[in-house]
Amino acid sequence: MDSFQKLSFDNDCNGTSVSKLQRFNSYDISRDTLYVSKCICLITPMSFMKACKKVLEQLHQAVTSPQPPPLPLESYIYNILYEVPLPPAGRSLKFSGVYGPIICQRPSTSELPLFDFPVKEVFELLGVENVVQLFTCALLEFQILLYSQHYQRLMTVAETITALMFPFQWQPYMFPSCQSKLELPQEANLCFVDVDNHFIELPEDLPQFPNKLEFIQEISEILMAFGIPPEGNLHCNESASKMKNLRACDIVSDKRNGNIAGSPLNSYELLKENETIARLQALVKRTGVSLEKVMREETSSNKDLKVQCGEEEFRVYQLNIQIREVFANRFTQMFADYEVFVIQPSQDKESWFTNREQMQNFDKASFLSDQPEPYLPFLSRFLETQMFASFIDNKIMCHDEDDKDPVLRVFDSRVDKIRLLNVRTPTLRTSMYQKCTTIDEAAIELRLVKIDHTAVHPHLLDMKIGQGKYELGFFPKLQSDVLSIGPASNKWTKRNAPAQWRRKDRQKQHTEHLRLDNDQREKYIQEARNLGSTIRQPKLSNLSPSVIAQTNWKFVEGLLKECRNKTKRMLVEKMGREAVELGHGEVNITGVEENTLIASLCDLLERIWSHGLQVKQVNNVLLDSERRKSDASPAMSPLRISLIQDMRHIQNIGEIKTDVGKARAWVRLSMEKKLLSRHLKQLLSDLELTKKLYKRYAFLRCDDEKEQFLYHLLSFNAVDYFCFTNVFTTILIPYHIMIVPSKKLGGSMFTANPWICISGELSETGVLQIPRNILEMTFECQNLGKLTTVQIGHDNSGLYAKWLVEYVMVRNEITGHTYKFPCGRWLGKGMDDGSLERILVGELLTSHTEADERQCRTPPLQQSPSMIRRFVTISPNNKPKLNTGQIQEAIGEAVNGIVKHFHKPEKERGSLTLLLCGESGLVSALEQVFQHGFKSPRLFKNVFIWDFLEKAQIHYETLDQNEIVPEENWQTRARSFCRFVTAINNTPRNIGKDGKFQMLVCLGARDHLLHHWIALLADCPITAQMYEDIALIKDHTLVNSLIRVLQTLQEFNITLEASLVKGIDI
């Protein structure tokens, strides 16, 4: 409808019976007057809250005023019902109330939707922090309970939060609850907001909104510019009074995006040096008109313009639009590329609509793979909400621009601007916070300065004498016969009403043309048309071949330059501190999240592959690549390099739904395998296919630029990327295991049943039973991430339950990453240290290392990085002895490696398990300390370090029972040492004595007890019995130096991998 539709008055009385009232002598119908409440309700087609509120307030004032209104109330209500039109989009309207004019304005189709509630009140009631937290709960569709003694506050908060969700819409219900006493269920995981008391209670496990701190800072700057304290007004009355008179002009611009300058922006000064403006100015000067003078006159005239509404109301409009633009900018930045991940249905709309509950409409895995890692906790849950699903459904159903939902159309136009800006300035794609720079209040100000239409004033109606009689304090009974019939001739009720507004637009355009007289206007228009025809961007079909070639050449050069800059930026970011040392660590390069950089590279590759494309589908380029055959080999040979095989791996991932998502996953996989340049070179080697698919000027047909492009991509092979493994964490990956036992020492006679458990940074496999006499097997499990440890053992069954394992190799069959886990130890009772299982620490092999290993099928017995032999045999020459200086150096290097690990940025850190248990780790270094000066054992008997530690435990337990320990500190250290040794001995695992020593060192490092235990053992009488006088552990100077070195580990929080401490609960 094109008018304010309905005004209804509830005139019902309470249903209390007269007889009941008379019985209590409270009411006499013959002499008493009964007063009842009345509700005046104004229903409009759109939520013009401010205008409706003014209409109702003036009606109420007319009833309660001692003087009667100028006209009967029927005249004003009739005017609202029939003579006030609904303003079209982008127009303003003024109509008359009982005591003054009322203005309402409606945003255009390119602006944010209509919202008239005062955002200011919400931030004053709750504060910025609470509003953002409430906003996050609403986005994730938590149950929200708003509590207040004022109904209007409840409505204002609820409507504001839902309006700030643009372009998403609140899907669950909102319903009021009128309870006299509020009781919250204890088990309810909801968001409780006490609006009156500035309090909010959040649900458990609420993820943080992306860039929350920067987001709050940007909102706070706007609120302070309007004199509103960011913490709210409830508990800060003093600060509120101090800031009450603060204006935007008091805020000095610091030239950062989003800050409000003290003076209006002079667009002419910004454009004065523009080449096109200079030509236009020179042209206009020939007419005798100074463009500069016109600009200044227009600027000065704009200063004199006044808005038709009150100053306070205008500031409410300004604050509303600024705050809403900041919130909308967050979603525009986060979902700038959402459209390419929408899964378009293959069937017709009706079939899709029927089965849409069973269908996926968004490629969530691919979208999340492009997002910065800090965004993932929030986005992964937000993509599962009903409001996001409805948003994508609307996108799918609205193929045509005319069919689009108005909200979706506005959002898509903003996304298009962001994407266009990213194409022109690709470096703008970053995970860093980007403030809103598109706050435009000019449209609202223009509508409020110059009203587009003024409605007909209220007038006397054709009423009978006596009707519309005024009575102070009473709302009259309205005359239904007058209000039920509208005017016979009303131009605003005709079907051609929009034509009135269009005609007004044309008149406005003619009359506002630079305020020139007729002759100057005509001359200026004609020459401006001629200038426009010369500077208008021509079509390529209208240009000469040389101009076309030059244009495309510049574009190709731009793509190549962008490729060079991106590869440098990604390499510098990946190299981290090493790049800074080489002089490449500029502030504007480092500090960008890796996921965002790779997504930006994918954007570049998509534009290169689409440049000069004749056919929109490029699948043939991939499918026509040559397929290679793999040759079988009994040893673990490296994966064959196959472009087609890598593509098949991506196609088999069910979590990736769209072609764009699969292409980007393939780029990530190729980068991780260091094959991106090689694969792309193979794709482009088919010249016939390239000529068929691409035009002559395409980037991919420029040989020199193409070679440079591939050369730049080749530089990625210098660093290790795990951009596929770390992103697609839920996919199933096949792993290939190869166990290499010692063939010389009876590995083929092994009778027990072996098992293995593989652990990575993401998860572990659990115990996998290995068929007897099977040394290679392939299994499939969820992505483990980077592999860290392997636990291998057997059940000690059969006649020959002894197994000497040289090493274990595990390979990811998709990425090709191969990890080697050296062992070189026996598994069996009565052999070595009697261990039935061992924990092996692995390292990622490089390609040349794999080649070396393939040449040596049975490598010599070697020390495992996780299990170095820690016993003294009758042949001490089997292992070279280290002197005290070498041992001190080993301890220093091990501790220094851990210190460096924690001082690196988290993304540059390696494996802490390797630093603790690896070949040059802390466990190995301390093993050398305790082996130095160890007395030779008796013939045919091995003595282990753990035997010494157990005797020391028995000694201190005996002293504790006899209460002979002299000092409290020594007593505490002794008790902790005994408690840890006892717990490790009681573990159900069969890890052997060396495995127990490793576990003790790891637990001591975790709980910062190693230096205490070293001091304790150095003074233990058992040490004098089992060590020679030259032993390091008996040299107090060297022991004190060792203690000082180990004390440096106290400031670090060492977290142990679960496989290292499995079975221990301390």
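The name recorded for the chain in an unreviewed UniProt entry is DENN domain containing 5A, from Gopherus evgoodei. The chain has a UniProt comment under Sequence similarities (unreviewed entry) that states "Belongs to the RAB6IP1 family." Entered under Subcellular location (unreviewed entry) in the UniProt record, the comment concerning the chain runs "Membrane".

Asker: In this structure, what is going on with the sheet that holds strand E7 (residues 199-201)? I would like to understand it.
Answerer: As summarised here, the arrangement of the 3 strands in space is E5-E6-E7, forming an open sheet in which the pairing is mixed. Taken across any chain shown, the strands that pair with only one partner, and hence form the sheet edges, are strand E5 (144-147) and E7. Taken over all neighbouring pairs, the strand axes of this sheet differ in orientation by 10° on average, direction set aside. Looking at chain direction, strand E6 (residues 191-194) and E7 are connected through 3 bridges and run antiparallel.

Asker: Explain the state of the cysteines to me, please; I cannot follow it from the model alone.
Answerer: By definition, a disulfide links the sulfur atoms of two cysteine residues through a covalent bond. Going through the model one piece at a time under the given rule, you end up with 0 disulfides. In this structure cysteine 978 is not part of a disulfide, and its nearest cysteine sulfur, from cysteine 1020, lies 9.5 Å away. Of all cysteine sulfurs, the one in cysteine 917 lies closest to cysteine 1002, which takes part in no disulfide; the gap is 3.6 Å.

Asker: What exactly am I supposed to notice about empty space enclosed by the protein here?
Answerer: The probe, sized like a water molecule, is rolled over the atoms to show the empty space still left. The full count for this structure, using the stated rule, is 8 cavities of 30 Å³ or more. Its boundaries defined by the atoms lining it, the largest cavity holds a volume of some 130 Å³. Every residue lining the largest cavity is counted, 14 residues in all, and those nearest its centre are Gln105, Phe115, Ile321, Arg324 and Ile444. Looking at the lining of the largest cavity, the elements that each hand over two or more residues are helix H12 (311-334) and helix H18 (442-449). It is H12 that contributes the most residues to the lining of the largest cavity, 4 residues altogether.

Asker: What's the story with the sheet that holds strand E16 (residues 837-841) in this structure? I'm lost.
Answerer: Judged by pairing direction, the sheet is antiparallel, and its 4 strands sit side by side in the order E11-E10-E13-E16 without closing on themselves. The open sheet terminates on both sides in strands that have one partner only, identified here as strand E11 (768-769) and E16. The pairing of strand E13 (residues 787-794) with E16 spans 5 bridges and is classified as antiparallel. The residue bridging threonine 789 from the neighbouring strand is valine 841, located in E16.

Asker: What is the right way to look at the pattern of salt bridges in this model?
Answerer: What the rule picks out here adds up to 23 salt bridges. The salt bridge involving glutamate 325 is made with arginine 414; its shortest N-O contact spans 2.6 Å. Of this pair, glutamate 325 sits in helix H12 while arginine 414 is found in helix H17 (residues 406-424), placing the two residues 89 residues apart along the sequence. We classify glutamate 325 as buried; its relative accessible area is 5%. By relative accessible area, arginine 414 is classed as buried at 15%. In this structure, glutamate 339 engages lysine 395 in a salt bridge whose closest nitrogen and oxygen atoms are separated by 3.1 Å. Of the two residues, glutamate 339 is situated in the loop between H12 and helix H13 (349-355) and lysine 395 in helix H16 (residues 386-397); the sequence distance between them amounts to 56 residues.

Asker: What exactly am I supposed to notice about the packing of aromatic side chains here?
Answerer: Two numbers describe a pair of aromatic rings. These are the distance of the centres and the angle of the planes. This model, assessed by the stated rule, comprises 43 aromatic pairs. Seen from their ring centres, phenylalanine 168 and phenylalanine 331 are 5.2 Å apart, and the 75° between their planes marks the pair as edge-to-face. A residue pair is termed long-range when its members are at least 10 positions apart, and phenylalanine 168 in the loop between helix H6 (151-163) and E6 and phenylalanine 331 in helix H12 qualify at 163 residues. Neither phenylalanine 168 nor phenylalanine 331 differs from the other in exposure class; each is buried. The ring of tyrosine 317 carries the charged tip of lysine 50 above its face, separated from the ring centre by 4.6 Å.

Asker: What's the story with the packing of helix H32 (residues 884-903) against helix H34 (residues 922-931) in this structure? I'm lost.
Answerer: Running from N to C, H32 and H34 point in directions that differ by 160°, and their axes come no closer than 9 Å. With respect to H34, the axis of H32 lies roughly antiparallel. Here H32 and H34 pass one another in a crossing that is left-handed. The segment H32 lies against H34, with Ile887, Ala890, Ile891, Ala894, Val895 and Ile898 engaging Leu922, Ala925, Leu926, Gln928 and Val929. Residue composition of the contact of H32 with H34, grouped by class: 10 nonpolar, 1 polar and no charged.

Asker: Please clarify how unusual backbone geometry should be interpreted in this entry.
Answerer: A negative phi holds for most residues other than glycine; trans holds for most peptide bonds. For the bond from phenylalanine 166 to proline 167, the omega torsion is 10°, close enough to zero to count as cis. Here proline 167 lies in the loop between H6 and E6. Positive phi values are uncommon outside glycine, yet aspartate 205 reaches one of about 55°. On the secondary structure map, aspartate 205 appears in the loop between E7 and helix H7 (212-225). At asparagine 796, a residue that is not glycine, the phi angle is positive and equals roughly 60°. Counting through the fold element by element, asparagine 796 comes out in the loop between E13 and strand E14 (803-812).

Criteria and cut-off values
- Residues numbered from 1 in each chain as written.
- Predicted model: local features only at pLDDT ≥ 70, side-chain atom pairs only at ≥ 80, totals over all residues.
- Heavy atoms only, no water.
- UniProt positions renumbered as here; feature names shortened; annotations may be inferred.
- Pairing = 2+ DSSP bridges.
- Helix = DSSP H or I, 4+ residues; strand = E, 2+ residues; numbered from the N terminus.
- Axes fitted to C-alpha atoms, helices over the stretch in contact; angles between N-to-C directions.
- Disulfide = S-S within 2.5 Å.
- 1 Å grid on protein atoms, 1.4 Å probe; cavity = no way out; pocket = protein on both sides within 12 Å on 5 of 7 lines; lining within 4 Å.
- Points joined across faces, edges and corners; volume = space filled by probe spheres on them.
- Salt bridge = Lys/Arg side-chain N within 4 Å of Asp/Glu carboxyl O.
- Buried < 20%, exposed > 50% of the residue type's maximum accessible area, 1.4 Å probe, protein only.
- Phe/Tyr/Trp six-rings, centres within 6.5 Å; stacked < 30°, edge-to-face > 60°.
- Lys NZ or Arg CZ within 6 Å of the ring centre and 35° of its normal.
- Parallel < 35°, antiparallel > 145°, perpendicular 65-115°, else oblique.
- Left-handed = near helix turned anticlockwise from the far one by under 90°.
- Contact = heavy atoms within 4.5 Å.
- Nonpolar A, V, L, I, M, F, W, Y, C, P; charged D, E, K, R; others polar.

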